[in-house]
Amino acid sequence: MVLDVEQIIENVLRGDQDAVQLLLGDYNTQVCFTAPVVTTETHLAAALLSFISNQLQPAVLQVCLHTLRILSRDRRALGPLVSDKALFILAQLGGIGLEQGGAEDRSSGGAASSQMEAEAASVPVENLKQEICSSEPPSGQFYRLRLLFLLTALRPELRMQLNQDRGVPVLTRALERLLAVRFTDGYEVLADALPSPVSKETSQEVIEILKTLFNVAHAFHREEPDEEEAALYRHLAAVLRHCLLLSCEGDDVREEHTVNLLSALPLTCLDVLLSVRPDQTSHQWGGVNMDCVHSLLLFMDRRLTRGQKLKEKLIPVLNLLTESSRVHRETRHFLRQKILPPLRDVGVRPEQDNSLRGQLVRLMTHVDTDVKHCAAELLFVLCKENVSRFVKYTGYGNAAGLLAARGLLNGRRASGDGLYAARYSSDSDSDTEEYREARARINLVTGRVEAEQPDPMEGMTEEEKEQEARYLISMINRLSREQIIQPMGVTAEGRLAPLWAPMRGSPLEEEEEEEEEEDWELEGRKDPQ
């Protein structure tokens, strides 16, 4: 059956609901397999928007909205759908009560549109407040929550408005209801012996709330929270801990957004992640519950194994584990046990190892600077920002990037560096018997025991060695003068600087230097008799 869009438009204009329902049903089924004609699709969208503003049968309204949803996927046919009048009609049908006076004419300026967006953002929050006060379980909020997320993502002023209107505690309580959270003492959640998995529908609503909370929290995460805000974020962190450990359909997406939100919360408010009393089945270190840290570690491992979109998917959990390790000694010890256990096999390069350490070391030379920095920073903190220990586990070649950026190439801590260094304990690094036996033979650059190589200067006289050295200097100097390479050295501050400062003053000095280099080159190329 060939679709006749003009016939559909004629029936819409006549108001024949039965014919429209029948024709649009066929259209919605077949439109995915045909190439749309932009002009007719635009006319159909305009006609349907006028049509649905009337009183229609529910089945007819549903099929019309389905068609509009399909048409909205084509950017070329979006014209009629993005007018203020169309948005007002759709908002009314969606249960979002807007003042029509602010949406009638866009020409009145941006104030009307901003007012309409502010009203649209307030409706989902008010609906959530009503559901929280209701005794019935929450349901049917997915699209309202999706709308709230989009508005706060696109308009910074709406994030501030939502924060000022106490939207964060409302959304937090909505999370509690959706996840059936029950608190016992302080920030500890009462866990069921056999918790039932959260349904897919509930999980989708949870994800939208997490995304919206991230928009708000990230906008203010650089500000120091006051006492009231700190209590609010601690309460939210306790709910997020429960969310992270809970079994849900679509766990990966839920965990991703939970981690993103945790990384946006003030670091001082994340102590509640470790405040739960451990039981016999808990992962723990020093009597502290490590279940949440263990879940984050497993999440990071899955992201490393997958290896896709590392900047978006991996950096938040790397930053979260790094900052938590800086301020929580137990977290650092637990992660170091899992990521940097005592070295045994020193015959394999660190980046060639298949362990968590090897995967993170490989990222230290990643092409993306942010990924490279975050992976190196986590390992550096787990080594308590100790240069020699860091080089021991990663190899100097892999560690050079972070050491150069931090001014630590000389092995000494720069003044003012290591803000949290005083927090680190003074315990020594325990070496295995295998490592102690091989320590003297380990190549610090590669981080492993290298096979013995023959001496390239074996059998050469001292004069031949000197000629070879002069020839090498000549080649390096020429490459440097032609700006192919730039020899660098380490300054007293531990940073890289040009090895040779501007040495060439007058043309005479340059000419003499060139003549001397040519002499060295000729001597170096002569075969010894």
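Small disclaimer: the values here were computed from a predicted structure and weren't measured.

**A few points about the overall build of the protein chain**
- The helix and strand tally for the protein chain stands at 23 helices and six strands.
- Within the protein chain, the fraction of its 529 residues that count as buried is 43%.
- Of the contacts made within the protein chain by residues no fewer than 6 positions apart, 67% connect residues no fewer than 24 positions apart.
- Accessible surface, the protein chain: about 29200 Å² in total, of which carbon and sulfur atoms supply 51%.

**Regarding the packing of helix α13 (residues 291-306) against helix α16 (residues 329-339)**
- Relative to each other, α13 and α16 sit at 40°, their axes nearing to 11 Å. One way to sum up the angle between α13 and α16 is to call them oblique. In the packing of α13 onto α16, the handedness of the crossing is right-handed. In contact with Val293, His294, Leu297 and Met300 of α13, α16 contributes Thr331, Phe334, Leu335, Lys338 and Ile339.
- When grouped by side-chain class, the residues that make up the contact of α13 with α16 number six nonpolar, two polar and one charged.

**Section: the packing of α16 against helix α18 (residues 369-382)**
- The contact between α16 and α18 brings their axes to 9 Å, and the two run at 110°. Classified by the interaxial angle, the pair formed by α16 and α18 is roughly perpendicular. As α16 runs across α18, the sense of the crossing is left-handed. Contacts from Arg332, Leu335, Arg336 and Ile339 of α16 reach α18 at Leu378, Leu379, Val381 and Leu382.
- Classifying every residue of the contact of α16 with α18 by side-chain character gives six nonpolar, no polar and two charged.

**Quick notes on the nonpolar core**
- Grouped together as the largest cluster of nonpolar side chains are 87 residues, with contacts concentrated most on Leu175, Leu265, Met300, Ile339, Leu360, Phe390 and Leu403.
- Residue contacts for Leu265: discarding those within four places in its chain leaves Ala217, Tyr233, Leu236, Ala237, Leu240 and Leu270.
- Counting 26 residues, the second largest nonpolar core, distinct from the first, contains Leu48, Leu49, Leu56 and Val63.

**Things to note about a negative patch on the surface**
- Negative charge collects at one region of the surface, where Glu223, Asp226, Glu227 and Glu229 lie side by side.
- In this fold, Asp226 is placed in the loop between α10 (200-219) and α11 (227-245).

**A word on the pattern of salt bridges**
- Under the definition given, this model contains 22 salt bridges.
- Glu228 is the partner of Arg166 in a salt bridge, and the nearest nitrogen-oxygen pair spans 3.1 Å. Residue Arg166 is located in the loop between α8 (156-164) and α9 (167-179), and its partner Glu228 is located in helix α11; the two are separated by 62 residues in the primary sequence.
- Overall, Arg166 belongs to the partly exposed group, its relative accessible area being 46%.
- By relative accessible area, which is 53% here, Glu228 ends up exposed.
- Ionic contacts of the salt-bridge type, sharing partners, join the residues Glu323, Arg326, Glu377, Glu385 and Arg406 into one network.

**Considering the packing of aromatic side chains**
- Taken as a whole and judged by the stated rule, the model has two aromatic pairs.
- Aromatic side chains Phe380 and Phe390 sit 5.0 Å apart centroid to centroid with 70° between the ring planes, which places their arrangement in the edge-to-face category. With Phe380 in helix α18 and Phe390 in helix α19 (residues 387-394), this pair connects stretches of sequence that are ten residues apart. Comparing Phe380 with Phe390, the two get one shared label, buried.
- Above the plane of the ring of Phe149 lies Lys211, whose end atom (NZ or CZ) is 4.3 Å from the centre.
- In this arrangement the basic side chain of Lys392 is found over the ring face of Tyr435, its NZ or CZ atom lying 4.6 Å from the centre.

**A few points about the confidence of the model for the protein chain**
- Confidence in the prediction of the protein chain, expressed as mean pLDDT, is 81, and 79% of residues score 70 or more.
- Of the regions scoring below 50 in pLDDT, residues 102-109 engages in eleven contacts with residues more than four places distant in sequence or in other chains.
- The model gives residues 502-509 a pLDDT under 50, and that stretch makes six contacts with residues more than four places away or in other chains.

**Overview of helix α22 (residues 462-481)**
- For α22, spanning 20 residues, the distance from its first C-alpha to its last is 29 Å, which sits close to the expected 28 Å at 1.5 Å a residue.
- Two residues or fewer after α22 comes Gln483, characterised by a positive phi angle close to 60°.

**Re a nonpolar patch on the surface**
- Among the surface-exposed residues, Leu472, Met475, Ile476, Leu479, Ile484 and Ile485 lie close enough to one another that they form a single nonpolar patch of about 480 Å² accessible area.
- Along the chain, the position of Ile485 falls in the loop between α22 and β5 (488-490).
- By relative accessible area, Ile485 is classed as partly exposed at 37%.

**Thoughts on helix α5 (residues 84-93)**
- Among the residues of α5, those classed as buried are Asp84, Ala86, Phe88, Ile89 and Ala91.
- Once α5 finishes, Gly95 follows within two positions and takes phi at roughly 80°, a positive value.

**What to know about unusual backbone geometry**
- Of note in the backbone geometry, Lys384 takes a positive phi value of approximately 60° without being a glycine.
- Its location among the elements puts Lys384 in the loop between α18 and α19.
- Phi is positive for Gln483, close to 60°, though the residue is something other than glycine.
- With respect to the element layout, Gln483 can be found in the loop between α22 and β5.
- The class for Gln483 is exposed, based on a relative accessible area of 73%.

How each quantity is defined
- Residues numbered from 1 in each chain as written.
- Predicted model: local features only at pLDDT ≥ 70, side-chain atom pairs only at ≥ 80, totals over all residues.
- Heavy atoms only, no water.
- Helix = DSSP H or I, 4+ residues; strand = E, 2+ residues; numbered from the N terminus.
- Buried < 20%, exposed > 50% of the residue type's maximum accessible area, 1.4 Å probe, protein only.
- Contact = heavy atoms within 4.5 Å.
- Areas by Shrake-Rupley, 256 points an atom, 1.4 Å probe, with all protein chains shown as cover.
- Axes fitted to C-alpha atoms, helices over the stretch in contact; angles between N-to-C directions.
- Parallel < 35°, antiparallel > 145°, perpendicular 65-115°, else oblique.
- Left-handed = near helix turned anticlockwise from the far one by under 90°.
- Nonpolar A, V, L, I, M, F, W, Y, C, P; charged D, E, K, R; others polar.
- Core = buried A, V, L, I, M, F, W, Y, C linked by side-chain atoms within 4.5 Å.
- Patch = residues over 30% accessible without salt bridge, like charges linked within 9 Å, V, L, I, M, F, W, Y side chains within 5 Å.
- Salt bridge = Lys/Arg side-chain N within 4 Å of Asp/Glu carboxyl O.
- Lys, Arg positive; Asp, Glu negative; His and termini not counted.
- Charge placed at Lys NZ, Arg CZ, Asp CG, Glu CD.
- Phe/Tyr/Trp six-rings, centres within 6.5 Å; stacked < 30°, edge-to-face > 60°.
- Lys NZ or Arg CZ within 6 Å of the ring centre and 35° of its normal.
- pLDDT = per-residue confidence, 0-100.
- Expected span 1.5 Å × (residues − 1).

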